[in-house]
Amino acid sequence: MRETLHTLLAPFLARRIALLGLAITLLMIFAALFAPIIVPYDPLEIDSLARLSPPTGTHWFGTDHFGRDTFSRVVFGSRLALIIGIGVVSFALLTGVPAGILSAMFPRVGWFVMRAVDVLMAFPALLLALGLIVILGQGVLNAILAIGVVYLTTTARITYGVTLRLRAEVYVEASRSLGAGTVWLVLKHILPNLVSPLLVQASFVFAFAQLGAASLDFLGLGAPPDIPSWGNMLAESRIYITRAPWLLFFPGLMIVLTAFSLNLVGDALRDRLDPRFREALGTPRRN
Amino acid sequence: MLSVEDVTVRLADSFNVVSGVSMRIERGEVVGLVGESGCGKSMTSLAIMGLLPAPQARLQAGSIALDGKDITSLPPYRRVEAGCGGVAMIFQEPMTSLNPVLTIGDQLAEAIRVHDGVSGPALRHRAQELLEMVRMPDAALQLGAYPHELSGGMRQRVVIAIALACRPQVLIADEPTTALDVTVQSQILALIRELCDELSMAVLFITHDLGVVAQLADRVLVMYAGRIVESAPVGTIFREPAHPYTRGLLACLPNPLARGRRLQTIVGQAPRPHEIGDGCAFAARCAYAEDACRSPGADWRQVDGDHGVLCRHPQSGQLVQ
Amino acid sequence: MWLYILKRLGAAATTLAAASVIIFIFIHLIPGDPLYVLLGDGATPDQVDALRQKLGFDRSLAVQYFSWLSNVLQGDFGQSIFFQTPVLSVIGDGAETSILLASITMVWIILLGIPVGMIAAMRHGSWTDQGLSGLAMLLASVPTFWVGLYLILIFAAWLGWLPSSGYPSIFDDGGLANLQHLLLPSLALAAPNAALILRLTRASMLDVAREDYVRTARAKGIRPWRVVVRHIFRNALLAVVSAFGFTLAALISEAVVTETVFALPGIGRLVVQSILRRDYPVIQGVILITVVLYLGVNLCVDLSYRFLDPRVELE
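Please read all numbers here as calculations on a predicted model, not as lab measurements. (Residues numbered from 1 in each chain as written. Chains lettered and ligands numbered in written order. Predicted model: local features only at pLDDT ≥ 70, side-chain atom pairs only at ≥ 80, totals over all residues. Heavy atoms only, no water.)

A.B. asks: Let's hear about the sheet that holds strand S2 (residues 16–25) of chain B: which residues, and what values?
C.D. replies: Residue and element names in this part refer to chain B. What the 4 strands build is an open sheet, ordered S2-S1-S4-S5; its pairing is antiparallel. Each of the sheet's edge strands pairs with one partner strand only, and the pair in question is S2 and strand S5 (69–70). Bridge analysis of strand S1 (residues 2–11) against strand S4 (residues 57–66) gives 8 bridges, and the strand direction is antiparallel. Bridging from a neighbouring strand, Ser-3 pairs with Ala-65 of S4. (Pairing = 2+ DSSP bridges. Helix = DSSP H or I, 4+ residues; strand = E, 2+ residues; numbered from the N terminus.)

A.B. asks: Can you explain the pairing of S4 of chain B? Please cite residues and give values.
C.D. replies: Here S4 of chain B pairs with S5 of chain B via 2 bridges, running antiparallel. Note on S5 of chain B: the bridge partner recorded for Ala-65 of chain B is Asp-70 of chain B.

A.B. asks: Quick one: what's the story with the interface of chain C and chain A, residue by residue and with numbers?
C.D. replies: Counting residues at the interface gives 50 residues for chain C, matched by 41 residues for chain A. Roughly 4100 Å² of surface becomes buried between chain C and chain A when both sides are summed, with 77% attributable to carbon and sulfur atoms. Where chain C meets chain A, there are 1 salt bridge. Across the pair Asp-267 of chain A and Arg-199 of chain C runs a salt bridge, and its minimum N-O distance is 2.9 Å. (Contact = heavy atoms within 4.5 Å. Buried area = accessible area lost by both parts, 1.4 Å probe. Salt bridge = Lys/Arg side-chain N within 4 Å of Asp/Glu carboxyl O.)

A.B. asks: Can you lay out the pairing of strand S12 (residues 307–310) of chain B for me, pointing to particular residues and giving the numbers?
C.D. replies: Residues and elements named next belong to chain B. Along S12, one buried face is formed by His-307 and Val-309 and the opposite face, lined by Gly-308 and Leu-310, is buried too. One ladder, built from 2 bridges, connects strand S10 (residues 227–233) with S12; its direction is antiparallel. Along S12, the bridge assignment pairs Glu-230 with Val-309. Sheet analysis places strand S11 (residues 300–304) next to S12, joined by 4 bridges and oriented antiparallel. In the sheet register, Asp-304 faces S12, and the bridge partner there is His-307. Between S11 and S12, which pair antiparallel and follow one another directly, the connecting turn spans 2 residues. (Buried < 20%, exposed > 50% of the residue type's maximum accessible area, 1.4 Å probe, protein only.)

A.B. asks: Tell me what's going on with the side chain of Asn-71 of chain C, and back it up with residues and numbers.
C.D. replies: All names here are of chain C. Position of Asn-71 among the secondary structure elements: in helix H4 (residues 61–73). Asn-71 sits in the buried class, given a relative accessible area of 14%. In this structure Asn-71 touches Lys-54, Leu-55 and Asp-76, once residues within four positions along its chain are discounted.

A.B. asks: Describe the interface of chain C and chain B, and please don't skip the residues or the numbers.
C.D. replies: On the chain B side, the residues contacting the 22 residues of chain C number 27 residues. Regarding the contact of chain C and chain B, the summed buried area is about 2200 Å², with carbon and sulfur atoms giving 60% of it. For the chain C face of the interface with chain B, the top three residues by lost area are Arg-215, Lys-220 and Pro-310 of chain C, together amounting to 27%. For the pair chain C and chain B, the interface holds 4 salt bridges. The partner of Arg-230 of chain C in a salt bridge is Glu-110 of chain B, with the nearest N and O atoms 2.5 Å apart. For the pair chain C and chain B, the number of links is 12 residue pairs in polar contact (both at pLDDT 80 or more). Elements that contribute at least two residues to the side of chain C that touches chain B include exactly helix H9 (212–219) and helix H10 (224–261) of chain C. At 7 residues, the largest contribution of residues to the side of chain C that touches chain B is made by H10 of chain C. Tallied by class, residues from the side of chain C that touches chain B come to 7 nonpolar, 4 polar and 11 charged. (Polar contact = N/O pair within 3.5 Å; in protein donor to acceptor, adjacent residues only side chain to side chain. Nonpolar A, V, L, I, M, F, W, Y, C, P; charged D, E, K, R; others polar.)

A.B. asks: Can you tell me about the environment of Asp-278 of chain B, naming the residues and giving the values?
C.D. replies: Structurally, Asp-278 of chain B is set in the loop between helix H10 (244–252) and S11. Once the C-alpha coordinates of Asp-278 of chain B and Pro-296 of chain B are considered, the two residues, 18 residues apart in sequence, prove to be 5.1 Å apart.

A.B. asks: Tell me about the packing of helix H11 (residues 267–276) of chain C against helix H12 (residues 280–308) of chain C, and please be specific about residues and values.
C.D. replies: All names here are of chain C. Between H11 and H12, the shortest axis-to-axis distance is 8 Å and the interhelical angle comes to 145 degrees. Classified by chirality, the crossing of H12 by H11 is left-handed. Within the contact between the two elements, H11 uses Ile-267, Leu-270, Val-271, Ser-274 and Ile-275 and H12 uses Val-282, Ile-283 and Val-286. When its residues are assigned to classes, the contact of H11 with H12 shows 7 nonpolar, 1 polar and no charged. (Axes fitted to C-alpha atoms, helices over the stretch in contact; angles between N-to-C directions. Left-handed = near helix turned anticlockwise from the far one by under 90°.)

A.B. asks: Describe the pattern of salt bridges, listing the residues and the values that go with them.
C.D. replies: The tally for this structure, following the rule as stated, stands at 27 salt bridges over all chains. Asp-218 of chain B is paired through a salt bridge with Arg-193 of chain B; the nearest N and O atoms lie 3.3 Å apart. On the criterion of sequence distance, the pair formed by Asp-218 of chain B in the loop between helix H8 (210–216) and strand S9 (219–224) and Arg-193 of chain B in helix H7 (residues 182–198) is long-range, its members being 25 residues apart. Connected through salt bridges with shared partners, the residues Glu-110 of chain B together with Lys-220, Arg-226 and Arg-230 of chain C form a single ionic network.

A.B. asks: Talk me through the environment of Thr-44 of chain B; I want residue IDs and the actual numbers.
C.D. replies: Residue and element names in this part refer to chain B. Locating Thr-44 in the fold gives a position in helix H1 (residues 41–49). Between the C-alpha atom of Thr-44 and that of Arg-135, which follows or precedes it by 91 residues, the distance is 29 Å. With sequence-adjacent residues up to four places away left out, Thr-44 is seen in contact with Val-18, Val-21, Met-23 and Met-223. Only 2.6 Å separates the side chain of Thr-44 from the backbone oxygen of Gly-40, close enough to count as a polar contact.

A.B. asks: Outline the sheet that holds S11 of chain B, supporting the account with residue identities and numerical values.
C.D. replies: All names here are of chain B. Overall, mixed pairing links the 8 strands, which are arranged S6-S7-S8-S3-S9-S10-S12-S11 in an open sheet. Only two strands of the sheet have a single partner each, and these edge strands are strand S6 (87–90) and S11. Neighbouring strand axes in the sheet, compared pairwise and without regard to direction, differ in orientation by 20 degrees on average. Judged from the 6 bridges that link them, S9 and S10 form a sheet pairing that is antiparallel. Each residue of the ladder has a partner; that of Met-223, found in S10, is Ile-228.

Written as structure tokens, this is what we have:
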């Protein structure tokens, strides 16, 4: 038990700053799970007497133009951040991984699938997401879909690259010549080896999904305005930047911290990765 | 000419990979440095070159002098500035030893400019001359070629030409033929021998292959676990090896006259740097080892005029297979 | 050489053809009658009939696609519903702002990302390196619009050094001095992207520094800075150049929010406004043009690679 824990933590112990990333990530998950217990106020509660209050003892992060408590809203915002992150990562993995494996195992079909991925990648990420929002309409689920499609492409490419390498490797060749079926091959040799590169990819996707969702919210095309997401808070408080600069500070800081900590985690995991796979991962792309 | 005194190389994790290595090499002489992989041969050569990879490895003690001038720990460019840039090196992997995006001519020119200070037509002329010295066909044409357009053997010739551009008095060759196939290998060995005679260079030839040593070297240094354990002229080493390790190595060579017999091996494995204790590093694998061998203090002893050994129980007599 | 260019062109053209089908279908996927999607809800029956004739909407999708494509190839991207002028001229109005913004940003990215990445790599493991790498990671995690808003607060509202929003053309009064309007937006846009280039430069220089040929170069006796510039940096640049393709894609995406924050009359803000105005033909046109641009830049990167790396084969 202690040993497994140590192996899991090894990448983070080797890089102290990554430990910070892990801590912030866990803190965010904690905040999301226990938001109603943590917060001093209802995030939607309007207090017209305390509008645009600076940070004080009663309102730690100040209040917005409706007098809503920024701290409570920021804590509740972590819920949506978590939903977006998990949603986008799951979508990207559930679509990209099968597409990548399929393409690598069956080169003929694969050629078409990977060309399709190329075509999707020819669209700048946010424009692709915006186009999908236009078709699907606004909403949290649609935002997840729109951002998920962007990372479906990179995930599929990485899976494809790693699977090709694995497939060419001797032990896979060997078990193939022994008559192993493709399904068995994938389950036994390929999927286990995909876990660590995909974990790295998942960390980066989680990080960059936050930025994508924040952009959509900020443009008013993401989560509905009544949901206290960090992006929505920035969009609403935007015009008060000069009168109440602190209003934009905390939600923005949360976006930065979330993306930053997951980038740190991804980076630490990446350094420990087998160099063969590191090459297939390429450079992390912001969008 | 080149004198190396008591060189000790320490790794970042504070183990010695090279301990108290000393050697002298004279003009026109090829010295073979033999040992298994990991015994510290390459670290010795990088230490002599002033190219130890910091911070992973550093020179802990010892001195290196060329013609009486101290060049210890000076990287090559500082040696050139100090007017003693006479040590050059060729490396094991001809496929990766040349910069893929620069032409052969460019890479030669860099070295020529540093050591000769010429430019223009003189530089081009010298580059071509160097390629001709290493028997490169169509030397003038090859100046414009990129490394990936040449075969392994041709690339190794280019690497040698670059080394010669430094007008070396001493040439260190770190397993230059290991990555090449056999026919190319013997061409390159012949080339090195010829160049050594033509230019009366001193050559330190590092290899794990005793066959290569027999073909090329005048004198042999046998290295084990970071130390030189035996030094002798090439004929003596093959006729009357004194160190049990050397004897073991030679016994492992296939003997064409004794067909049908099994190949011999030395029992056990060479220790890694952190496993080396105070006593003789070979004691654990040695058939003649006594308790005394496991405690420190074995001295270098001369068996003969130019035959020395680091062992309490040097063997004598011809090796019987 | 020519064969190589032709092959790359062919691949780009295929991708573009497939992308154009998606862009064409886009209008049909928007809920509602495509003719009303294209003309707006206020369209008269006459207008609807005319467009149906022009685009062949009574015939199969394939026929419609080709008539749309032939119009596009002739420069007819349709009419903007909001402006009632050709889409191409609406996009053209935003081109100056966007092109200048992207160019200035690119200059920042190159001037900041590459040299600082070199410094970090050369001091590998030092506090300088750790500080710069950490800062780069932080900047890469920052939303551009958030940085933009605080740049406005500090440099426009508090210090009053620079304008906070808008951009008058350099061909209007003020001339080149109008470029100061793009200073803050370009910095906001450059920050995360320069950070990524910094990290990439650093990482690939560290990779190259381990190569055997760098040791060969040192053994020649050439000076350390020359080894760094000519051997390490020259080879590390290959990876950096290949990253400029997706850096541009990132710029296009992030310009959408940056132009919105700084109220710049560019193509990015046009997209957002067109979504809110349901001006779908404009959105379609912008997407098409950015895809062409992106593929074109990637093609140029590929071709320039050919000159930087002699190992790239011509076949």
